[in-house]
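For reference, the chains in residue letters:
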Amino acid sequence: MTDHSSDNRPSDPAAIIVTGAAGFIGSCMVQYLNDAGYENLILVDDFGTEEKRKNWESKKYTEIVERYNLFDWLSAHQPKVEIVIHLGARTDTTEFNYAIHEELNVQYSKDIWLYCTENKIPLIYASSAATYGAGELGYDDDHAVVEKLKPLNPYGVSKNEFDKWALKQTSTPPCWAGLKFFNVYGPNEYHKGRMASVIWHSFNQIKKDGVVKLFRSHKEGFKDGEQLRDFVYVKDVTAMIGWIRQSMLSGDWTAARNGLYNLGTGTARSFIDLVKATFAGLDMPPNIVFIDMPEDIRDKYQYFTEANMKKIRDAGYHKPFHTLETGVDDYVRHYLRTGQYL
């Protein structure tokens with residue numbers, strides 16, 4: 001049952017605001033916090049999307065606030081806020097109207113930043129590995145390269161524009177971190193359709209036809225299906241965010257740590273490996289065929305991504321990540337095969 005009984009009691013702990021709480025990573029973050037015993041949560045999103053309902057309806061929280069109404073609600077209620085975990089964004093990489101990304105990914109994030117700065121609230125926000133573009137400058141979360149990055153689509157541009165803006169600010173939240181998510185997969189992405197992970201698509205192709213279609217390579221040096229990505233399980237994403245939050249609240253996270261951090265596994269794996277792991281989770285032998293990549297995305301396609309994780313390791317985060325095989329197996333067996341949500 002969802003707890004709506006806060007009644008602004010003085011004994012209530014400070015609230016945690018999670019934006020994007022009806023979405024994929026946001027709803028998994030809410031579950032992570034619930035599992036850790038936190039229920040004084042303010043969930044922010046567009047809650048009218050029916051296909052997202054199962055992501056959040058069973059979570060424990062004290063308030064849900066529509067995204068467009070957040071700042072009016074905060075002004076009216078003035079809650080005591082411990083931290084803001086800002087995971088809400090327009091994440092569709094095939095949406096080429098930059099104005100949409102500008103409004104939701106840049107301006108809204110600036111408003112969140114300014115609220116946290118004014119009220120001295122720590123902030124963790126989602127950036128993206130899409131900021132790295134084709135990877136010409138590598139995948140190092142070095143502030144010196146941010147201005148030089150050339151993202152391949154409006155979504156990546158919007159994420160990089162906010163990162164650039166954040167790094168230029170002299171007034172900041174007391175603690176902050178922008179996390180460059182690599183290829184995140186896992187439960188609660190069922191609503192994402194075309195933008196869901198290759199594992200989700202593979203599972204559905206296998207259930208329907210017994211075969212998975214992968215893109216042929218259109219780049220010299222890469223064989224078909226051997227395009228490489230840093231695939232990271234959503235449970236590892238929420239664990240790292242949870243650790244950063246604890247570090248910020250305990251005082252371990254000093255201002256010197258504020259900045260951008262990669263969030264991947266640090267190990268690139270092929271799409272063939274990923275699909276084989278999906279078949280294994282279904283206890284089936286792999287059956288893969290290759291198809292041509294649509295021409296409209298060929299010049300915007302990343303053939304290799306791999307997070308350099310040294311910076312967050314140096315900051316003290318040492319928890320191991322799921323391997324591709326263990327993460328995909330957990331996702332397929334315990335969620336996709338059963339229709340379960342996290």
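Structure's up top.
Residues numbered from 1 in each chain as written. Predicted model: local features only at pLDDT ≥ 70, side-chain atom pairs only at ≥ 80, totals over all residues. Heavy atoms only, no water.

### As for the overall build of the protein chain
Our working definition: Helix and strand definitions here come from DSSP, where helices need a minimum of 4 consecutive H or I residues and strands a minimum of 2 consecutive E residues; each element is numbered from the N-terminal end. With the radius of gyration taken over C-alpha atoms, the globule rule is written as 2.2 Å times the number of residues to the power 0.38. A 1.4 Å probe rolled over the protein chains alone gives each residue an accessible area, and that area as a share of the maximum for its type sets the label: buried under 20%, exposed over 50%, partly exposed in between. In this description, contact between two residues means that some pair of their heavy atoms is separated by no more than 4.5 Å. Note that accessible areas follow from Shrake-Rupley with a 1.4 Å probe, and for residues the cover is restricted to the protein chains shown.
If you tally the helices and strands in the protein chain, you get 11 helices and 13 strands. A compact globule built from 342 residues would reach a C-alpha radius of gyration of about 20 Å, and the protein chain, at 20 Å, matches this within 12%. Judged by the C-alpha coordinates and their principal axes, the protein chain covers about 60 × 45 × 40 Å. Looking at the protein chain as a whole, 53% of its 342 residues qualify as buried. Taking as baseline every contact in the protein chain between residues at least 6 positions apart, the subset at least 24 positions apart corresponds to 78%. Roughly 15300 Å² of accessible area belongs to the protein chain as shown, and the carbon and sulfur atoms make up 48% of that amount.

### Concerning the pattern of salt bridges
Any two side chains of opposite charge can pair, so long as their charged atoms come close to each other. So the rule is basically this: One speaks of a salt bridge when a side-chain nitrogen belonging to Lys or Arg is within 4 Å of a carboxyl oxygen belonging to Asp or Glu.
Evaluated as defined, the whole model comprises 14 salt bridges. The residue Arg-53 makes a salt bridge to Glu-50 at a minimum N-O spacing of 3.1 Å. Overall, the relative accessible area of 52% leaves Glu-50 in the exposed class. Linked through salt bridges whose partners overlap, the residues forming this network are Asp-283, Asp-329, Arg-333 and Arg-337.

### Here's the deal with helix 8 (residues 271-281)
Among the 11 residues of helix 8, eight are classified as buried, and the element is accordingly described as predominantly covered. Taken as a whole, helix 8 has its buried residues at Phe-271, Ile-272, Leu-274, Val-275, Ala-277, Thr-278, Phe-279 and Gly-281. Taken from the residues just after helix 8, Asp-283 is the one with a positive phi, measuring 55°.

### Some remarks on the pairing of strand 11 (residues 259-263)
Keep this limit in mind: Any two strands between which DSSP finds at least two bridges are classified as paired.
Within strand 11, five of the five residues are buried, which leaves it mostly tucked inside the rest of the structure. Taken together, the five bridges between strand 6 (residues 176-181) and strand 11 define a ladder with parallel strand orientation. Note on strand 11: the bridge partner recorded for Gly-178 is Leu-260.

### Points about the nonpolar core
As a reminder of what qualifies: Here, the term nonpolar core denotes a set of buried Ala, Val, Leu, Ile, Met, Phe, Trp, Tyr and Cys residues that are joined through side-chain atoms within 4.5 Å.
Within the largest apolar cluster, 76 residues are counted, with the highest numbers of intra-cluster contacts made by Leu-179, Phe-181, Met-240, Ile-241, Ile-244, Ile-312 and Tyr-331. Sequence-distant contacts of Tyr-331, that is, excluding residues within four places in its chain, are made with Tyr-185, Gly-186, Pro-187, Glu-189, Tyr-190, Ser-197, Ile-199, Trp-200, Tyr-233 and Leu-336. Counting residues in hydrophobic clusters, the runner-up holds 24 residues, among them Val-84, Cys-116, Tyr-125 and Trp-165.

### With respect to helix 5 (residues 154-168)
In plain terms, the rule: By this rule, a helix spans an expected 1.5 Å times one less than how many residues it contains.
Its 15 residues give helix 5 an end-to-end C-alpha distance of 21 Å, which sits within 8% of 21 Å, the value for a rise of 1.5 Å per residue. Of all 15 residues making up helix 5, 11 are buried, and the element is well covered by its neighbours. Buried within helix 5 are the following residues: Pro-154, Tyr-155, Gly-156, Ser-158, Lys-159, Asn-160, Phe-162, Asp-163, Lys-164, Trp-165 and Ala-166.

### Some details on the state of the cysteines
Quick reminder of the rule: Here, a disulfide means two cysteine sulfur atoms that sit within 2.5 Å of each other.
With the rule as written, the count across this model stands at zero disulfides. Here Cys-175 stays free of any disulfide, with the sulfur of Cys-116 as its closest cysteine sulfur at 11 Å. Judged by its relative accessible area of 8%, Cys-175 falls in the buried class.

### A closer look at unusual backbone geometry
At Asn-188, a position not held by glycine, the phi torsion is positive, near 80°. Considering the arrangement of structural elements, one finds Asn-188 in the loop between strand 7 (183-185) and helix 6 (198-209). Among the residues examined, Asn-188 registers a relative accessible area of 0% and is labelled buried. Positive phi outside glycine occurs at Asp-283, with the angle close to 55°. Within the secondary structure, Asp-283 is located in the loop between helix 8 and strand 13 (288-291).

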